[in-house]
Amino acid sequence: MSDCPCQSGKAYSECCEPFITGQRQAETAEQLMRARYTAHVKADMDFVLATHHPETRSEFNQAAAQRWAEDSEWLGLFIEDIQNGTSQDNSGQIEFIASYRDRAGQRHKHHELSLFERLDGTWFFRDGEPAKVKQIRRENEKVGRNDPCPCGSGKKFKKCCDLN
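For the structure given in this document, a descriptive report is provided here. (Residues numbered from 1 in each chain as written. Predicted model: local features only at pLDDT ≥ 70, side-chain atom pairs only at ≥ 80, totals over all residues. Heavy atoms only, no water.)

The next thing to look at is the overall build of the chain. Scanning the chain from terminus to terminus reveals four helices and four strands. In the chain, the succession of α and β elements from N to C terminus is α-α-α-α-β-β-β-β. Expressed as lengths along the three principal axes of its C-alpha atoms, the size of the chain is roughly 60 × 35 × 35 Å. With 164 residues in all, the chain has 35% of them scored as buried. Surface exposure of the chain reaches about 10,700 Å², of which carbon and sulfur atoms provide 44%. Distance between charge centroids for the chain: 10 Å, based on 23 positive and 26 negative side chains. (Helix = DSSP H or I, 4+ residues; strand = E, 2+ residues; numbered from the N terminus. Buried < 20%, exposed > 50% of the residue type's maximum accessible area, 1.4 Å probe, protein only. Areas by Shrake-Rupley, 256 points an atom, 1.4 Å probe, with all protein chains shown as cover. Lys, Arg positive; Asp, Glu negative; His and termini not counted. Charge placed at Lys NZ, Arg CZ, Asp CG, Glu CD.)

Below, the structure is given as structure tokens:
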């Protein structure tokens, strides 16, 4: 039993494989998004093309996507946010980060807000755009590198808990 590349915690055969092979249809936008990520890991651009919305399918460059998928070592998928996209909805959006390493060994993060639409009971990827970077607001005052470590060790922060 191998884990599904989409990191759902399920076996591939019980998670994305039935969608990619056409044995099942995605019931939610999240299932389709996870299967599309897994298709990139498996370099199955036929599935990615087939799950593009019919109105935007002509915009998909299958050869370029195939090269990107094959030239990448896919490291993981993290879903940031899901808005709608349930089995009762006709549209949904999912913000996600897909991490990968290119042939040169450089790590990258593909951070996207994907829009999904359901037509006649079938979910399709409609469009994607770069996700807006959210500004992080600290709840506590920033600890300087030379300040005492807040963990109470008595050491400077840079010699104790600083992860940078």
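Bringing the sheet that holds strand E1 (residues 73-84) into the picture now. In a beta sheet, neighbouring strands are held together by backbone hydrogen bonds and run either parallel or antiparallel to one another. The sheet built from four strands is open, its strands ordered E1-E2-E3-E4 with antiparallel pairing. Of all strands in the sheet, those with a lone pairing partner are E1 and strand E4 (122-130), marking the two edges. Going from strand to strand, the sheet's axes swing by 30° on average, the running direction of each strand aside. Looking at chain direction, strand E2 (residues 91-101) and strand E3 (residues 107-119) are connected through 11 bridges and run antiparallel. Within the sheet, the bridge partner assigned to tyrosine 100 lies in E3 and is histidine 108. (Pairing = 2+ DSSP bridges. Axes fitted to C-alpha atoms, helices over the stretch in contact; angles between N-to-C directions.)

With that settled, the discussion passes to the side chain of threonine 122. Looking at where threonine 122 falls in the secondary structure, it is placed in strand E4. What threonine 122 contacts, discounting residues up to four positions off in sequence, is Gln25 and Glu117. (Contact = heavy atoms within 4.5 Å.)

As a further point, take the nonpolar core. In summary, soluble globular proteins display a tendency toward joint burial of nonpolar side chains. Cys6, Cys16, Ile20, Met33, Phe47 and Phe116 are the most contacted members of the largest nonpolar core, which totals 30 residues. Of all the secondary-structure elements, those providing two or more residues to this core are helix H1 (17-20), helix H2 (29-41), helix H3 (45-50), helix H4 (62-70), E1, E2 and E4. Among the elements that make up this core, the one with the highest residue count is H2 (six residues). In this structure, cysteine 16 is in contact with Cys4, Cys6, Arg34, Ala35 and Thr38, ignoring residues within four places of it in sequence. (Core = buried A, V, L, I, M, F, W, Y, C linked by side-chain atoms within 4.5 Å.)

Turning next to the packing of aromatic side chains. This structure, assessed with the given rule, holds five aromatic pairs. On the numbers, 6.0 Å between centres and 90° between planes, the contact of tyrosine 37 with tryptophan 74 is edge-to-face. Of this pair, tyrosine 37 sits in helix H2 while tryptophan 74 sits in strand E1, and the two are 37 residues apart along the sequence. In this structure, tyrosine 37 and tryptophan 74 share a single accessibility class: buried. Here the aromatic rings of phenylalanine 116 and phenylalanine 125 are separated by 5.8 Å at their centres, their planes lie at 75°, and the arrangement is edge-to-face. As far as burial versus exposure is concerned, phenylalanine 116 and phenylalanine 125 are alike and both buried. Taken together, Tyr37, Trp68, Trp74 and Tyr100 form an aromatic cluster joined through their ring pairs. (Phe/Tyr/Trp six-rings, centres within 6.5 Å; stacked < 30°, edge-to-face > 60°.)

Under the 1.5 Å per step criterion, the end-to-end length of H2 is 19 Å for 13 residues, consistent within 8% with the ideal 18 Å. Buried residues dominate H2, accounting for 10 of its 13 residues. One or two residues past the end of H2 sits alanine 43, with phi positive at roughly 55°. (Expected span 1.5 Å × (residues − 1).)

Turning next to the pattern of salt bridges. As enumerated under the stated definition, the model contains five salt bridges in all. A salt bridge links aspartate 71 to arginine 103; the nearest nitrogen and oxygen atoms lie 2.8 Å apart. With aspartate 71 in the loop between H4 and E1 and arginine 103 in the loop between E2 and E3, this residue pair connects regions lying 32 residues apart in the sequence. Residue aspartate 71 is classed as partly exposed on the basis of its relative accessible area, which comes to 31%. Here arginine 103 falls in the exposed class, since its relative accessible area comes to 70%. Put simply, arginine 126 and glutamate 117 hold a salt bridge, and the shortest N to O gap is 3.8 Å. By relative accessible area, which is 25% here, arginine 126 ends up partly exposed. (Salt bridge = Lys/Arg side-chain N within 4 Å of Asp/Glu carboxyl O.)

Spatial relationships are all this shows, so hold off on functional conclusions.
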